[in-house]
Amino acid sequence: MSKIPPLDLTRQYATIEAEISQAVTAVLASGQYINGPVVQHFAQQFGDYIGTTDCVVCNSGTDALYLALRALQIGPGDEVITSPFTFIGTAEAISAVGATPVFVDVDLDGLNLDPAQIEATITKRTKAIMPVHLFGRPVDMDALMAVAQAYQIPVIEDCAQAVGGQWGPQRVGGIGRVGCFSFFPTKNLGACGDGGALTTNDPALAETAQMLAAHGSRSRYRHEAIGINSRLDAVQAAILQVKLQYLDRWNQQRQVVAERYTQLLGLLPGIQVPGAPSMGKSVWHQYTVLLKPSEAGSYRDRVRQLMQDQGVATMVYYPIPLHRQPVYQSLGYGAGTFPRAEQAAGRVLALPMFPELTAEQQAQVVYVLKDAIAAA
Ligand SMILES: *Cc1c(COP(=O)(O)O)cnc(C)c1O
């Protein structure tokens, strides 16, 4: 049996190699490597795709989150409610502007922050709610927006893993006040380097974010704020333009892969498969199952090793919830504060997931997983 990686970017590249080469060569020949028409055009197309009036492109998803927070004038003394079960970049951006992340536990069904628990954590200092559409699955945005609107708190959606996903008929990133996206190569819409974007229907907010991303400048050499340097370069924009045309098709293929996994795994005892969202559409950035609980994830890690020995590579997103990270010890959340996030951290196992994964490979993954569960 051949080895199966958690994801394989080379297969996708092979299908669009000629188009990418052409697009990159055109940029190289143009001499315009920073800003310019290709970058502008991609920003326009991406905003149109998400369904917002405005889009600001930047250097990374982390920068997009940082710029959104800054544009909303969130800083020291402010609190931002988010999930403890996400990539560090989410909370890092909150800390980077000087604000404090305030965590709310997840639900074990979707592994997303539980909107029902938000209200109890709102204080006078709460200046934003930052839901994360983790693994491509949308947060219940009806419930979340209802709380946000009742308290008039802006919502910044972390859509880094969910480009193209929907809650109801709306694409994520166009539901809250701002949507933040990452074009890191492994994301569903990935560049060949770093990249990010923020989307909004608030033109003034977009202009502020753009100003902050350009050294606090709206016109050359006039600086009104301490900003940063965060740009999407033209080569990446050209690559993303090509890939954006295929995004829906790739997301559809992920859906097929996910359904096949669920069908193959559905009857396997001791495994909880990820459910589809109650509304809208997941874009299956990951297909993450929950194994049975064990001390510090020891059972999960044995299963993982046994699978690795059989040539199937799996991943663990994320082994330590943010409130238990060394960097956040100062926030004072002890063990057991967010029991579901902690349980998830010890139980999650992400199976190989990418659009080009074949039915044969999936059958092999499931076969090897069954064996590992029997032996672990
Ligand atoms: C990838 C990711 C980010 C950060 O994006 P970068 O482009 O790597 O900076 C933020 N939040 C989540 C949930 C992510 O998955």
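Remember, predicted model here, so these are calculated numbers, not experimental data.

## Some points on the overall build of the protein chain
Part 1: The secondary structure content of the protein chain amounts to eleven helices and 14 strands.
Part 2: By the compact-globule yardstick of 21 Å for 376 residues, the protein chain fits well, its C-alpha radius of gyration being 21 Å.
Part 3: Considering only contacts in the protein chain between residues 6 or more positions apart, those separated by 24 or more positions represent 70%.
Part 4: Each charge class in the protein chain can be summarised by its mean position, and for the 27 positive and 32 negative side chains these summaries are 2 Å apart.

## Some details on the sheet that holds strand β13 (residues 287–291)
Part 1: In spatial order, the strands read β12-β13-β14; together these three strands make up an open sheet with antiparallel pairing. For this open sheet the edge positions go to β12 (271–272) and β14 (348–351), each flanked by a neighbour on one side alone.
Part 2: Two elements, β13 and β14, share four bridges in a ladder whose sense is antiparallel. The partner of Thr288 across the bridge, within β14, is Ala350.
Part 3: Those strands touched by helix α9 (residues 298–309) are β13 and β14, and its axis lies near 25 degrees from that of β14.
Part 4: Contacting β12, β13 and β14, helix α10 (residues 339–347) crosses the sheet at an angle of about 50 degrees to β14.

## Thoughts on the site of the ligand
Part 1: What surrounds the ligand is a group of 13 residues, the closest being Gly61, Thr62, Asp158, Ser182 and Lys187.
Part 2: Here Thr62 contributes a side-chain N or O atom positioned 2.5 Å from an oxygen atom of the ligand.
Part 3: Within the contact set of the ligand, an oxygen atom lies 3.0 Å away from a side-chain nitrogen or oxygen of Lys187.
Part 4: Against a free-state accessible area of 380 Å², the protein chains account for coverage of 92% of the ligand.
Part 5: Taken atom by atom, the bulk of the ligand overlaps the second largest pocket.
Part 6: Taken together, the residues that form the shell around the ligand break down as three nonpolar, eight polar and two charged.

## Regarding the packing of helix α2 (residues 37–50) against helix α7 (residues 234–244)
Part 1: Interaxial distance between α2 and α7 falls to 9 Å at its minimum, and their mutual angle equals 35 degrees. In this structure, the crossing between α2 and α7 has a hand that is left-handed. Here α2 contributes Val38, Val39, His41, Phe42, Gln45, Phe46 and Tyr49 to the contact with α7, which in turn contributes Ala234, Ala237, Ala238, Leu240, Gln241 and Leu244.

## Observations concerning the pattern of salt bridges
Part 1: Using the criterion set out here, one finds eight salt bridges in the structure.
Part 2: Of the charged contacts, one joins Asp114 and Arg340 as a salt bridge, the two residues approaching to 3.2 Å between their closest N and O atoms. With a gap of 226 residues between them, Asp114 in the loop between β3 (100–103) and β4 (126–130) and Arg340 in helix α10 connect regions that are remote in the sequence.
Part 3: Owing to a relative accessible area of 16%, Asp114 belongs among the buried residues under this scheme.
Part 4: The exposure class of Arg340 is partly exposed, given its relative accessible area of 28%.
Part 5: Here Arg300 and Asp301 are joined by a salt bridge, their closest N and O atoms 2.7 Å apart.

## Let's talk about the domain arrangement of the protein chain
Part 1: Domain boundaries assigned for the protein chain yield domain 1 (9–244) and domain 2 (248–375).
Part 2: Contacts between the two partners involve 45 residues from domain 1 and, on the opposite side, 43 residues from domain 2.
Part 3: Around 3600 Å² of area is buried between domain 1 and domain 2 when both sides are counted, 58% of it from carbon and sulfur atoms.
Part 4: Our count for the contact surface shared by domain 1 and domain 2 stands at two salt bridges.
Part 5: Counting across the domain 1 and domain 2 interface gives 24 residue pairs in polar contact (both at pLDDT 80 or more).
Part 6: Within the residue set of the side of domain 1 that touches domain 2, elements represented by two or more residues are α1 (9–30), α4 (88–96), β3 and β6 (166–167).
Part 7: By residue class, the composition of the side of domain 1 that touches domain 2 is 20 nonpolar, 14 polar and eleven charged.

The rules we used
- Residues numbered from 1 in each chain as written.
- Predicted model: local features only at pLDDT ≥ 70, side-chain atom pairs only at ≥ 80, totals over all residues.
- Heavy atoms only, no water.
- Helix = DSSP H or I, 4+ residues; strand = E, 2+ residues; numbered from the N terminus.
- Rg over C-alpha atoms; globule rule 2.2 N^0.38 Å.
- Contact = heavy atoms within 4.5 Å.
- Lys, Arg positive; Asp, Glu negative; His and termini not counted.
- Charge placed at Lys NZ, Arg CZ, Asp CG, Glu CD.
- Pairing = 2+ DSSP bridges.
- Axes fitted to C-alpha atoms, helices over the stretch in contact; angles between N-to-C directions.
- Near = heavy atom within 4 Å.
- Polar contact = N/O pair within 3.5 Å; in protein donor to acceptor, adjacent residues only side chain to side chain.
- Areas by Shrake-Rupley, 256 points an atom, 1.4 Å probe, with all protein chains shown as cover.
- 1 Å grid on protein atoms, 1.4 Å probe; cavity = no way out; pocket = protein on both sides within 12 Å on 5 of 7 lines; lining within 4 Å.
- Sits in = over half its atoms within 2 Å of the grid points.
- Nonpolar A, V, L, I, M, F, W, Y, C, P; charged D, E, K, R; others polar.
- Left-handed = near helix turned anticlockwise from the far one by under 90°.
- Salt bridge = Lys/Arg side-chain N within 4 Å of Asp/Glu carboxyl O.
- Buried < 20%, exposed > 50% of the residue type's maximum accessible area, 1.4 Å probe, protein only.
- Domains from an automatic or database assignment.
- Buried area = accessible area lost by both parts, 1.4 Å probe.

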